[in-house]
Amino acid sequence: MSVDSRRPRVGIIGTGAIGGFYGLMLARAGYDVHFLLRSEFDTVAREGLQVKSAVHGELSLKPVQAYRSAAEMPPCDWLLVGTKSTGNAALGPIIRQAAAPDASVLLLQNGLAVEDQLRNVLPDSLHILGGLCFVCVNRVAPGVVAHEAFGAVSIGYHSGPANDEARRMAIVEACAALFKTAGIDAPVMANLQQARWQKLVWNVPYNGLSALLQTSTGRLMADPDSQALIRALMEEVVQGAEACGHTLPPGFAQHLFAVTESMPDYRPSMYHDLAEKRPLELEAIYARPLAAALAAGFDMPRVRALYQALAFIDRGNRPASEE
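Rules used throughout
- Residues numbered from 1 in each chain as written.
- Predicted model: local features only at pLDDT ≥ 70, side-chain atom pairs only at ≥ 80, totals over all residues.
- Heavy atoms only, no water.
- Axes fitted to C-alpha atoms, helices over the stretch in contact; angles between N-to-C directions.
- Helix = DSSP H or I, 4+ residues; strand = E, 2+ residues; numbered from the N terminus.
- Parallel < 35°, antiparallel > 145°, perpendicular 65-115°, else oblique.
- Contact = heavy atoms within 4.5 Å.
- Nonpolar A, V, L, I, M, F, W, Y, C, P; charged D, E, K, R; others polar.
- Buried < 20%, exposed > 50% of the residue type's maximum accessible area, 1.4 Å probe, protein only.
- Arc of directions from axis to C-beta.
- Core = buried A, V, L, I, M, F, W, Y, C linked by side-chain atoms within 4.5 Å.
- Pairing = 2+ DSSP bridges.
- Domains from an automatic or database assignment.
- Buried area = accessible area lost by both parts, 1.4 Å probe.
- Salt bridge = Lys/Arg side-chain N within 4 Å of Asp/Glu carboxyl O.
- Polar contact = N/O pair within 3.5 Å; in protein donor to acceptor, adjacent residues only side chain to side chain.
- UniProt positions renumbered as here; feature names shortened; annotations may be inferred.
- Phe/Tyr/Trp six-rings, centres within 6.5 Å; stacked < 30°, edge-to-face > 60°.
- Lys NZ or Arg CZ within 6 Å of the ring centre and 35° of its normal.

Moving on, we come to the packing of helix 8 (residues 224-243) against helix 12 (residues 301-317). Remark: helix 8 packs on helix 12, axes separated minimally by 8 Å, with the N-to-C direction vectors making an angle of 115°. Relative to helix 12, the element helix 8 is oriented roughly perpendicular. Seen from helix 8, the contacting residues are Ala-232, Leu-233, Glu-236 and Val-237; seen from helix 12, they are Pro-301, Arg-302, Val-303 and Leu-306. When the residues that make up the contact of helix 8 with helix 12 are grouped by side-chain class, the tally is six nonpolar, no polar and two charged.

Structure below.
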């Protein structure tokens, strides 16, 4: 794959809220975008994709280059993975079918070590990049995404055949250029693992508490007790990151707290996963960070208590066929 290709082919693996939003934005910018869908294929093939955005207005894409199977997709230079991390073990055959030689796979997922999971099921010839989405989106109907705020994607190189820093950075910069052409801020990350810990400072309290307490960020930020719990959880994650060798910027937790105070009322992805009886992303967002910090000599007792409560709810929320 040439990293300076003018019109690379982009594949979206998982056309939900994340994949639908970024895929539509890239397609509107002129990129050749192909969308893999399952349950919503008929609706999207017939009616197209829509994004109801508080930032960009009412957006639509019709017709959509939509596919039921990765085997039907043309070879893609870039693959954006917007599926939940709970399904990463099954992504190997799907990505191999859709990937062009020397393709780059950008994993748009929350949590720690999600790229490691994917590396284990993909050939060494494919580049894996990590993408951290700072965006408020959710799927409100088949083929319809609500976009409430933000949108940036921070990008870093994880692994692959690029064996020198210059080549790795060229690939990351080329990926960032895709998003920037579509009007999306795309900072380049020098340290992917530190960036994932930084994202956990927000995801651990807000995703977990929204699901556990069945509430939104606005209500969490309006109550003094939940505010105190959020701050305590954030501080534990900051300390866990430091134990693992990642010193976060001074005041970073307070910055995220202030950003959340100012953003629209929002129900994070774990709230919706629980409501729709999907498996919660507990391994990536809680279990792995807890294990990594503990191995480095630091326990996170509040994070552990939240994880245990969510695990109990998650087990009781699964359909009988998944138990």
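The next subject is helix 3 (residues 91-98). Within helix 3, burial applies to Leu-91, Gly-92, Ile-94, Ile-95 and Ala-98. Angularly, the buried residues of helix 3 cover 165° about the axis, an arc narrow enough to put them on a single face. Where the residues of helix 3 are buried, they touch strand 1 (9-13), strand 2 (32-36), strand 6 (76-81), strand 7 (99-108) and helix 4 (114-119).

Here we come to the nonpolar core. Ranked by size, the top nonpolar core spans 45 residues in total, and within it Tyr-22, Trp-78, Leu-80, Leu-129, Ile-155 and Phe-179 carry the most contacts. It is helix 1 (residues 17-28) that provides the largest number of residues to this core, a total of eight residues. Not counting residues up to four positions away in its chain, the partners in contact with Phe-179 are Tyr-22, Leu-26, Leu-80, Leu-106, Val-153, Ile-155, Ile-184 and Ala-186. One finds Leu-233, Ile-285, Met-300 and Val-303 within the second-largest nonpolar core, a separate group that totals 39 residues.

Turning next to the pairing of strand 1. By the criterion of burial, strand 1 is predominantly enclosed, with four of the five residues buried. Relative to strand 2, strand 1 runs parallel, the two sharing five bridges. Along strand 2, the bridge assignment pairs Ile-13 with Leu-36. The pairing of strand 1 with strand 6 spans four bridges and is classified as parallel. Its bridge partner being in strand 6, Gly-11 is matched across the sheet by Leu-79.

Before going further, it helps to examine the domain arrangement of the chain. Accessible area lost when the parts come together is the quantity often used to give the size of an interface. Considered domain by domain, the chain is made up of domain 1 (9-190) and domain 2 (193-317). Here domain 1 and domain 2 have C-alpha centroids that lie 24 Å from each other. Taken together, the contacts link 27 residues of domain 1 with 25 residues of domain 2. With both sides pooled, the region where domain 1 packs onto domain 2 buries about 2100 Å², and carbon together with sulfur makes up 54% of that total. On the domain 1 side of the interface with domain 2, the three residues burying the most area are Lys-84, Asn-110 and Leu-112, jointly 33% of the side's total. Connecting domain 1 to domain 2 are four salt bridges. Arg-196 is the partner of Glu-115 in a salt bridge, and the nearest nitrogen-oxygen pair spans 2.7 Å. Counting the contacts that link domain 1 with domain 2 gives twelve residue pairs in polar contact (both at pLDDT 80 or more). Tallied by class, the residues present in the side of domain 1 that touches domain 2 amount to 13 nonpolar, ten polar and four charged.

In this section: the UniProt feature "domain: Ketopantoate reductase C-terminal" (unreviewed entry) in the chain. Here the UniProt-annotated "domain: Ketopantoate reductase C-terminal" (unreviewed entry) positions come out as residues 191-312. The distance separating the terminal C-alpha atoms of residues 191-312 is 34 Å; by composition the span is 75% helix and 0% strand.

Turning our attention to the side chain of His-147. Inspection of the secondary structure puts His-147 in strand 9 (residues 144-159). There is a polar contact of 2.7 Å between the side chain of His-147 and the side chain of Ser-53. Those residues in contact with His-147, other than ones at most four positions away along the chain, are Phe-21, Val-51, Lys-52, Ser-53, Ala-54, Val-55, His-56, Val-135, Cys-136 and Val-137.

For the coordinates displayed, the defined rule picks out 16 salt bridges. Across the pair Lys-84 and Glu-281 runs a salt bridge whose closest N-O atoms are separated by 3.9 Å. Of the two residues, Lys-84 is situated in the loop between strand 6 and helix 3 and Glu-281 in the loop between helix 10 (269-275) and helix 11 (282-295); the sequence distance between them amounts to 197 residues.

Under the criterion given, the structure shown has four aromatic pairs. Summarising the aromatic geometry, the rings of Tyr-22 and Phe-179 are spaced 5.7 Å apart at their centres and angled 85° between planes, so their arrangement reads as edge-to-face. With Tyr-22 in helix 1 and Phe-179 in helix 5 (residues 165-181), the pair connects residues that are 157 residues apart, well separated along the chain. Assessed through its relative accessible area of 1%, Tyr-22 is described here as buried. Relative accessible area serves as the criterion here: at 0%, Phe-179 is assigned to the buried category. In textbook terms, an aromatic cluster arises when at least three aromatic residues are bridged by ring pairs, as seen for Phe-21, Tyr-22 and Phe-179. The ring centre of Phe-134 lies 5.2 Å from the NZ or CZ of Lys-199, which sits over that ring. Looking at Arg-231, its charged tip hangs above the ring of Phe-257, at a distance of 3.8 Å from the centre.

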